[in-house]
Amino acid sequence: MSQHILGDGLREWDSPLYREAVSQFDRVADLMGLDANIAERLRVPQRSMIVTFPYRHENSSEVESLFGYRVQHLLSMGPTKGGVRFAPDVNLGEVAALAMLMTWKCAIVGLPFGGSKGGVRVDPTLLTRSEKQRVTRRYTTEIINVIGPNKDIPAPDMGTDEQVMAWIMDTYSQQVGHTVPAVVTGKPPALGGSVARREATGRGLVSLLPAAAQQIGLKTDGVAVAVHGFGNVGRYAALAAHQAGAKVVAISDIAGGIYNGNGIDVDEAIQWVDLHRSLEGFTGGGDRITNDEVLIIDTEVLLPCATGGVITEHNAGAIKAKLIMEGANGPTTISADRILNDRGILVVPDVLANAGGVTVSYFEWVQDLQNYFWSESEIVGRLREIMSRAFDEVMGVAISHKTDMRTAALIKGVRRVSDAKLARGIFP
Ligand code: NAD
């Protein structure tokens with residue numbers, strides 16, 4: 001089945017990330033004996049759009065062409081859902097791979113979406129606010145025919161935020177002639193954004209801690225937790241872990257890390273970052289360590305919440321944690337994953353562990369469509385329910401297939417998608 005990985009049919013999306021996503025899919029498809037015709041269709045995205053548009057810096061008369069992308073991996077499950085990233089190295093292959101992962105993530109937690117992803121190849125740190133607004137509005141105009149509340153619903157990702165979502169929503173609404181809050185999620189609450197969306201990924205991650213810890217004979221109360229990355233995901237994960245009774249012994253961001261075996265005051269660390277923009281200079285009564293040291297620090301639980309590819313074959317052998325729960329997307333390389341499995345370390349994979357974000361995005365979309373908004377406690381309660389059901393189901397697949405949780409999660413996601421595709425059949 002996998003003989004034509006990146007053969008002629010896949011060249012358009014070729015990139016390291018896409019190769020990895022496809023080979024991971026092929027392995028799981030082989031393992032579960034997936035219908036060959038379904039496998040053939042799921043290996044390639046259904047729609048890929050590349051746009052170019054003119055862009056002029058504020059203080060320049062020169063026009064440059066910016067490249068934008070929107071890839072919709074699968075349209076069989078409902079509208080598609082996925083973030084928009086602004087980054088200097090965004091490309092079609094990366095966006096296609098992330099769209100495919102979104103399909104599995106939505107299917108694993110049972111959301112009525114296929115996966116999508118988009119982006120603009122631009123360095124957002126070099127843009128003024130008004131430049132960023134113009135890039136956002138023109139990109140939205142270029143992709144306007146393929147997005148919409150019943151078609152494809154963007155959300156924030158790297159380099160984009162609530163404000164960018166507000167501009168996308170406004171541009172779309174101007175074009176169609178009426179206000180359409182449900183066209184994006186991750187908006188400011190003033191425009192129909194959901195309360196508790198900001199905290200959702202970190203909270204959802206930590207809501208799985210008691211069940212995951214129990215699998216390896218640990219208790220949440222007093223368990224030592226290290227958090228790599230202290231942005232949106234990491235800070236709320238650290239806070240939720242602290243509130244759940246765990247002892248947060250290490251945290252880090254791009255500026256480096258801190259270790260305190262007696263526990264770090266997470267509230268104090270958050271206040272520091274809000275004031276100084278990073279953890280630089282913060283000691284929290286502990287010792288300064290490097291970012292890399294946080295990953296191999298003496299802890300029972302490790303939450304990688306920064307970025308992709310940080311756990312590799314070079315450090316996987318030195319990790320002391322017994323449980324790793326992936327807040328970031330793709331923090332563990334395939335070769336590191338093998339080492340961790342061989343060492344008996346339990347890994348709760350990204351497609352399950354960080355699905356709290358898209359789950360609360362789903363709640364936001366539902367609330368916008370109904371113009372009826374839920375309380376924070378309703379949202380948090382439903383998030384916990386969905387995450388914990390998905391965890392139990394993935395664990396059930398892992399036990400019945402005698403496999404690791406990542407493989408089990410993908411089997412569960414691919415099976416749900418495949419059942420839907422088989423039931424729909426082929427048109428015409
Ligand atoms: P963010 O930009 O808010 O935070 C990233 C954090 O990681 C920052 O503290 C930054 O300083 C730190 N960091 C960056 N590079 C680092 C490095 N090399 N070493 C150590 N620290 C580093 O981003 P975020 O929204 O928290 O997203 C983090 C990860 O989680 C990404 O992989 C993202 O795709 C994934 N994710 C985010 C959400 C969400 O809802 N925000 C949902 C699912 C997955």
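So, here's what we can say about the structure. (Residues numbered from 1 in each chain as written. Predicted model: local features only at pLDDT ≥ 70, side-chain atom pairs only at ≥ 80, totals over all residues. Heavy atoms only, no water.)

**Topic: the site of the ligand**
In the vicinity of the ligand, 18 residues are found, and the nearest of them are Thr 201, Asn 232, Val 233, Asn 291 and Asn 329. A distance of 2.7 Å separates an oxygen atom of the ligand from a polar side-chain atom of Thr 201. Asn 329 places a polar side-chain atom, nitrogen or oxygen, 3.0 Å from an oxygen atom of the ligand. Calculation on the ligand without its partners gives an accessible area of 830 Å², and the protein chains cover 71% of this total. Its residues assigned to classes, the shell around the ligand shows six nonpolar, 10 polar and two charged. (Near = heavy atom within 4 Å. Polar contact = N/O pair within 3.5 Å; in protein donor to acceptor, adjacent residues only side chain to side chain. Areas by Shrake-Rupley, 256 points an atom, 1.4 Å probe, with all protein chains shown as cover. Nonpolar A, V, L, I, M, F, W, Y, C, P; charged D, E, K, R; others polar.)

**Here we look at the sheet that holds strand 8 (residues 256-259)**
The seven strands are arranged 9-8-7-6-10-11-12 in an open sheet whose pairing can be described as mixed. Pairing within the sheet leaves two strands with one partner each, and these edge strands are strand 9 (287-289) and strand 12 (346-348). In this sheet, neighbouring strand axes are inclined to one another by 20° on average, regardless of whether the strands run parallel or antiparallel. Relative to strand 8, strand 7 (residues 247-253) runs antiparallel, the two being bridged by four bridges. Within the sheet, the bridge partner assigned to Ile 251 lies in strand 8 and is Ile 258. With respect to the sheet, helix 8 (residues 232-243) is in contact with strand 6 (224-228), strand 7 and strand 10 (301-304), its orientation differing from that of strand 7 by roughly 170°. (Pairing = 2+ DSSP bridges. Helix = DSSP H or I, 4+ residues; strand = E, 2+ residues; numbered from the N terminus. Axes fitted to C-alpha atoms, helices over the stretch in contact; angles between N-to-C directions. Contact = heavy atoms within 4.5 Å.)

**Looking at the layout of surface pockets**
Gaps between atoms show up when a probe of the same size as a water molecule is rolled over them. Approximately 410 Å³ is the volume attributed to the second largest pocket. Together, 13 residues line the second largest pocket, and Arg 41, Lys 421, Gly 425, Ile 426 and Phe 427 are the ones closest to its centre. Secondary-structure elements contributing two or more residues to the lining of the second largest pocket are helix 2 (36-42) and helix 15 (405-424). (1 Å grid on protein atoms, 1.4 Å probe; cavity = no way out; pocket = protein on both sides within 12 Å on 5 of 7 lines; lining within 4 Å. Points joined across faces, edges and corners; volume = space filled by probe spheres on them.)

**Quick word on the pattern of salt bridges**
In this structure the tally under the stated criterion is 19 salt bridges. Between Glu 40 and Arg 43 there is a salt bridge, and its shortest N-O distance comes to 3.8 Å. With its nearest N and O atoms 2.7 Å apart, the salt bridge here joins Lys 187 to Glu 364. With Lys 187 in the loop between helix 5 (162-176) and helix 6 (200-207) and Glu 364 in helix 13 (residues 356-370), this residue pair connects regions lying 177 residues apart in the sequence. Pair check on accessibility: Lys 187 and Glu 364 agree, each one buried. One salt-bridge network, held together by shared partners, links Arg 85, Glu 94, Lys 117 and Asp 157. (Salt bridge = Lys/Arg side-chain N within 4 Å of Asp/Glu carboxyl O. Buried < 20%, exposed > 50% of the residue type's maximum accessible area, 1.4 Å probe, protein only.)

**Some thoughts on the nonpolar core**
Ranked by internal contacts, the top residues of the largest apolar core, which has 101 residues, are Ile 251, Leu 303 and Val 348. Membership of the second largest hydrophobic core comes to 24 residues, among which are Phe 86, Val 120, Ile 144 and Val 180. (Core = buried A, V, L, I, M, F, W, Y, C linked by side-chain atoms within 4.5 Å.)

**Quick notes on the pairing of strand 2 (residues 63-72)**
With 10 bridges connecting them, strand 1 (residues 47-56) and strand 2 associate as antiparallel partners. Paired with Ser 48 across the bridge in strand 2 is Val 71. Linking two consecutive strands that pair antiparallel, namely strand 1 and strand 2, is a turn of six residues. Taken together, the five bridges between strand 2 and strand 4 (residues 114-121) define a ladder with antiparallel strand orientation. Across the sheet, the residue bridging to Gly 68 is Val 120, located in strand 4.

**A look at the sheet that holds strand 2**
Here five strands make up an open sheet; going across it, the order is 1-2-4-3-5 and the pairing mixed. Single-partner strands in this sheet number two, and they are strand 1 and strand 5 (152-156). Neighbour-to-neighbour, the strand axes of this sheet turn through a mean angle of 20°, independent of strand direction. Looking at chain direction, strand 3 (residues 80-87) and strand 5 are connected through five bridges and run parallel. The partner of Gly 83 across the bridge, within strand 5, is Ala 155. The sheet strands contacting helix 4 (residues 129-142) are strand 1, strand 2, strand 3 and strand 4, and the helix crosses strand 1 at an angle near 140°.

**Focus: helix 5**
Its 15 residues give helix 5 an end-to-end C-alpha distance of 21 Å, which sits within 8% of 21 Å, the value for a rise of 1.5 Å per residue. Of all the residues in helix 5, the buried ones are Val 164, Met 165, Ala 166, Trp 167, Ile 168, Met 169, Thr 171, Tyr 172 and Ser 173. Here the buried face of helix 5 lies against strand 3, helix 4 and strand 5. Following helix 5 by one or two positions, Gly 177 adopts a phi angle in the positive range, close to 95°. (Expected span 1.5 Å × (residues − 1).)

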